[in-house]
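These are the residues of each chain, in order.
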Amino acid sequence: MRVLVIGSGGREHALIWKIAQSKLVDKIFSAPGNGGITTQAECINIKAEDIFSLLEFASRERIDLTVVGPELPLSSGIVDEFTKAGLKIFGPTKQAARLESSKAFAKELMRRYEIPTADFCIFDNPREAKRYINHKGRPCVVKADGLAAGKGVVVCKTVEEAERAVDLMMEERIFGEAGNRVIVEDCLEGEEASIIVFTDSRKVIPLASSQDHKRIYDNDRGANTGGMGAYSPAPVVTPELTHRIIETIIYPTIKGLGEENIFYKGILYVGIMVTADGPKVLEFNVRFGDPETQAILPRLNSDLVELMILTIEERLEQARGREAGDLLWDKRPCVCVVCSSAGYPGKYEKNKEIFGLEEIEKMSDIIVFHAGTKRIPISDSPLPYKYVTNGGRVLGITGLGNTIKDAIEKTYRAVERVNFDGMHYRKDIGRRAVTLSVI
Ligand code: AMP
Ligand code: GLY
């Protein structure tokens, strides 16, 4: 098979790394890809949002399967266009992708089908949003309706903070059209968890659990980022909790969509707050998480491409190697530590040479997933290439270990051997899993 993977982050590198292991695959293309992906796939210079150029490329190159990494092309309808043209593509349609591209759509769907989530109100008008916030008079969460690169959620301790968030989104329009509507919802308390599943709109198969680290600094301090590291499995997500989330949240969501003639196929990622009242939905994503994917896929022993094809063809119940609904997993825990550019998630510089990669690539149980990197040919050197930074999140250094502690130690030993000017990374990725595992 000839496979095209759309996107350029660490998630896409991990997908390609795993897809390359499938016996079904002969050749992989990546659009646009990154420096590290160039060793496993042919990178083509088409942006992930340029649906029509991607469609033209996939037709011309007789691509058998297209895999979409990021949410933007999904929410713009790439799956609808490819399907119309008779091309196989993995991911939800534009309508189904509204679960992520419109938080108002997702919340209203949850209300209609009694799916547990925080109480909320939706506003098109900033004055009414502020009146509601004042009337409630307690901490709340203000969310921009549309896509805002993971930055459109403000958890507010005071009425003033919430009013300010409404102003930023609706008056100053910091997220553009994404802030035309806002959702004001109750603040939930508890432990956060994510669950990522395959579904063909009938059958659901969960991936191993994982936990992201959203803040830039240790101990969850500082600004929110795309994700500074992840580990899998996450001890907070017990098999009982997974079962409960699937029964009370995932199946009702897919069935609810089905009642409205929306058939969800692809990956569904549910962000959960485990409250005293049970698990409640914080958000849906319609794609693999980044960097969760980097910590999950090294543990997957089942064939990812086969799972994707079965999903597209609505034959997920035929997935092989399952026991009681499980895929085949490497039991060893996995940790991914993200190395980022100085200044990220704010402004940062690019083109800093990255040192130490050849050395850590030889280390056992270590995998280096590239995100914002570029490969540059060099003459008069024993090495044909060098890598330079080309984004905020640069590398996801990933390690497997016999215990979570072992995985953490191995991964940090590798991280410490890499460097580029201004490199930043969190030193506490996975620490919480060690504490929870001990308890
Ligand atoms: P999201 O981008 O929707 O995942 O939201 C970002 C973060 O905001 C989540 O990971 C939670 O930590 C927090 N959050 C979102 N909604 C709520 C809520 N209703 N109550 C408390 N925290 C929330
Ligand atoms: N790691 C969170 C996300 O992919 O949205």
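Residues numbered from 1 in each chain as written. Chains lettered and ligands numbered in written order. Predicted model: local features only at pLDDT ≥ 70, side-chain atom pairs only at ≥ 80, totals over all residues. Heavy atoms only, no water.

Focus on the sheet that holds strand 17 (residues 278-285)
If you walk across this open sheet you meet the four strands as 11-10-16-17, and the pairing is antiparallel. In the strand order of this sheet, the two ends are held by strand 11 (204-206) and strand 17, each with one partner. Here the average twist between neighbouring strands, direction ignored, is 35 degrees. Bridge count between strand 10 (residues 191-199) and strand 11: three bridges; the pairing is antiparallel. By the bridge assignment for strand 11, F198 is matched with I205. Along the sheet face, helix 11 (residues 304-312) touches strand 10 and strand 16 (266-275) and points at about 70 degrees away from the line of strand 10. (Pairing = 2+ DSSP bridges. Helix = DSSP H or I, 4+ residues; strand = E, 2+ residues; numbered from the N terminus. Axes fitted to C-alpha atoms, helices over the stretch in contact; angles between N-to-C directions. Contact = heavy atoms within 4.5 Å.)

Overview of the site of ligand 2
The environment of ligand 2 is made up of D212, G226, Y269, N285, R287, G289, D290 and E292. Between ligand 2 and N285, the relevant distance is 3.4 Å, taken from an oxygen atom to a side-chain nitrogen or oxygen of the residue. Between ligand 2 and the protein, one listed contact pairs a nitrogen atom with a side-chain N or O atom of E292 at 2.9 Å. Class assignment for the residues of the shell around ligand 2 results in one nonpolar, three polar and four charged. (Near = heavy atom within 4 Å. Polar contact = N/O pair within 3.5 Å; in protein donor to acceptor, adjacent residues only side chain to side chain. Nonpolar A, V, L, I, M, F, W, Y, C, P; charged D, E, K, R; others polar.)

Some remarks on the pattern of salt bridges
Under the criterion given, the structure shown has 32 salt bridges. Between R432 and E191 there is a salt bridge, with its nearest N and O atoms 2.7 Å apart. In this pair, R432 sits in helix 14 (residues 431-438) while E191 sits in strand 10, placing the two residues 241 residues apart along the sequence. Taking the relative accessible area as the measure of exposure, R432 reaches 41% and is therefore partly exposed. Since its relative accessible area comes to 23%, E191 is described here as partly exposed. Note that K352 is salt-bridged to E349, the shortest N-O span being 2.7 Å. On the basis of relative accessible area, K352 is assigned to the buried category, the value being 19%. (Salt bridge = Lys/Arg side-chain N within 4 Å of Asp/Glu carboxyl O. Buried < 20%, exposed > 50% of the residue type's maximum accessible area, 1.4 Å probe, protein only.)

Considerations on helix 9 (residues 239-259)
For helix 9, which comprises 21 residues, the first-to-last C-alpha distance of 29 Å matches the rise-based estimate of 30 Å (1.5 Å per residue) to within 8%. The sharpest bend along helix 9 reaches about 40 degrees and sits at I246. Just downstream of helix 9 lies N261, where phi reads positive at about 65 degrees. (Expected span 1.5 Å × (residues − 1). Bend = angle between axes of the 7 residues up to and from the residue.)

Notes on the nonpolar core
Counting 46 residues, the largest nonpolar core has L4, I78, L99 and I250 as its most contacted members. For this core, the element with the most residues is helix 9, which contributes seven residues. Ignoring sequence-local partners within four residues, the contact set of I250 consists of I195, V197, V204, I245, L268 and V270. In this structure, V25, V305, L310 and A319 belong to the second largest nonpolar core, which totals 38 residues. (Core = buried A, V, L, I, M, F, W, Y, C linked by side-chain atoms within 4.5 Å.)

What about the sheet that holds strand 9 (residues 182-186)?
The strand order 6-9-7-8 describes an open sheet built from four strands, whose pairing is antiparallel. A single partner strand is all that each edge strand has here, and the edge strands are strand 6 (120-123) and strand 8 (153-156). Direction aside, neighbouring strands of the sheet carry axes that sit 20 degrees apart on average. Across the sheet, helix 6 (residues 103-112) touches strand 6, strand 7 (140-144), strand 8 and strand 9, and the angle it forms with strand 6 is around 140 degrees. Helix 8 (residues 159-171) rests against strand 6, strand 7, strand 8 and strand 9 of the sheet, and its axis sits at about 5 degrees to strand 7.

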